[in-house]
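# Structural features, examined
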Amino acid sequence: MAQMVSFPSNGGTAAGYLALPDSGRGGGVIVVQEWWGLNDQIKGVADRLAREGFTALAPDFYRGKLASEPDKAQKLMMEFNIDQAAKDARGAARYLMAHPGNASHRVGVIGFCMGGMLALMTGIEAPNEVGAVVDCYGWPPQGRDLSKIKAHVLGIFGGKDEMTNAKAIETLDQQFQKAGTPFERHLYPDAGHAFMNEQGDAYRRDDAEEAWGHALSFFRTHLV
């Protein structure tokens, strides 16, 4: 049970892909895209969460634009309006909280790469709605205050990821400690960047499935 939906975004309107579990209700989870946009792979992540019993919403942060090659994805990311994204993130969290298919008192967020950054930003922008954030190899948004996050945060990283290397992860750990944000992390030593994307060249099935197990358990623990 999945469809495209619209939701309010600070006086405007945004869109997203909503996937419901067979039961029609489940803990709410926002799924945040990689730099490619709201493509079939990200919709598939929402579908996977629905099969696991969650109600999943994947907002379209690029507002209809998609990329299938790195140069265009880089261009879309450079053109990305972070302030508009903050509005859309708040709107998505509030929409999902109020949706009759949401069975949890607070919603979760999971994001990948650029989406990991946006997942953290969603926790900052909607602290009263977001109870659990899963950051898959993303970095916190610049200029945003991590201490505003009221959620538990799980970080998933690859040991061979040059974008979030061991030093960067340690820095992130220190930032969360300073902010007072509960943070746990899992590092996969032989994995590189984007190792959970089953359509990408860096995909590592065993590591990805283990990481998914941690993410699902994390949501089931913190979304009650």
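Report follows, based on the coordinates. Here the residue numbers are simple positions, counted from 1 along each chain's written sequence. In keeping with the predicted nature of the model, local features appear solely for residues at pLDDT of at least 70, side-chain atom pairs appear and are counted solely at 80 or more, and the whole-chain, interface and lining totals rest on all residues. Excluding hydrogens and water, the side-chain values take into account all heavy atoms of the structure.

## Some points on the sheet that holds strand E6 (residues 130–136)
- The strand order across the open sheet formed by eight strands is E1-E2-E4-E3-E5-E6-E7-E8, and the pairing between neighbours is mixed. Looking at strand neighbours, the two that pair on one side only are strand E1 (2–9) and strand E8 (183–188), the edges of this open sheet. Going from strand to strand, the sheet's axes swing by 20 degrees on average, the running direction of each strand aside.
- One bridge is not enough; two strands pair if DSSP finds at least two bridges between them. Counting from the N terminus, the helices are DSSP H or I runs at least four residues long and the strands are E runs at least two residues long. Where E1 lies against strand E2 (residues 12–19), eight bridges are found, and the strand directions are antiparallel. Looking at the pairing, Ala2 lines up with Ala19 of E2.
- What makes two residues a contact is simply this: any of their non-hydrogen atoms within 4.5 Å. Where helices are involved, their axes are fitted lines through C-alpha atoms of the stretch in contact, as for all axes, and angles between N-to-C directions lie from 0 to 180°. Packed onto the sheet, helix H4 (residues 114–125) meets strand E3 (28–32), strand E5 (107–112), E6 and strand E7 (152–158) and runs at close to 160 degrees relative to E6.
- Contacting E3, E5, E6, E7 and E8, helix H6 (residues 205–222) crosses the sheet at an angle of about 170 degrees to E6.

## Brief notes about the nonpolar core
- Residue types Ala, Val, Leu, Ile, Met, Phe, Trp, Tyr and Cys, when buried and joined through side-chain atoms within 4.5 Å, form a set referred to as a nonpolar core. Accessible area is worked out with a 1.4 Å probe on protein chains only. A residue is then buried under 20% of its type maximum, exposed over 50%, and partly exposed in between. Grouped together as the largest cluster of nonpolar side chains are 44 residues, with contacts concentrated most on Ile30, Leu57, Leu118, Val130, Ile149 and Phe176.
- Discounting chain neighbours no more than four positions away, the residues touching Leu57 are Val5, Phe7, Gly16, Tyr17, Leu18, Val29, Ile30, Val31, Ala92, Tyr95 and Leu96.
- Membership of the second largest hydrophobic core comes to 35 residues, among which are Tyr17, Leu38, Val45 and Met196.

## Describing the pairing of E3
- Of all five residues in E3, five are buried; the element is thus mostly enclosed.
- Of the two faces of E3, both are covered, the one formed by Gly28, Ile30 and Val32 as well as the one formed by Val29 and Val31.
- Note that E3 and strand E4 (residues 55–59) share three bridges and pair parallel. Each residue of the ladder has a partner; that of Val29, found in E4, is Ala56.

## A closer look at helix H5 (residues 166–179)
- Helix length check: H5, at 14 residues, gives a terminal C-alpha distance of 20 Å against a target of 20 Å (1.5 Å per residue), a fit within 8%.
- Looking only at H5, the buried set comprises Ala168, Ile169, Leu172, Asp173 and Phe176. The arc enclosing the buried residues of H5, seen along the axis, measures out at 145 degrees, which places them on a common side. For H5, the exposed residues lying more than 90 degrees away from the buried face are Lys167, Gln177 and Lys178.
- Against the buried residues of H5 lie H4, E6, E7 and E8.
- Just downstream of H5 lies Gly180, where phi reads positive at about 75 degrees. What a helix should span is 1.5 Å times the count of its residues minus one. Directions drawn from the helix axis to the C-beta atoms are what define this arc.

## Description of the state of the cysteines
- Throughout, a disulfide means two cysteine sulfur atoms within 2.5 Å of one another. Enumeration according to the criterion identifies zero disulfides in this entry.
- No disulfide involves Cys113; its sulfur sits 10 Å from the nearest other cysteine sulfur, which is in Cys136.
- Look at Cys113 and you get buried, because its relative accessible area is 16%.
- For Cys136, a relative accessible area of 0% translates into the label buried.

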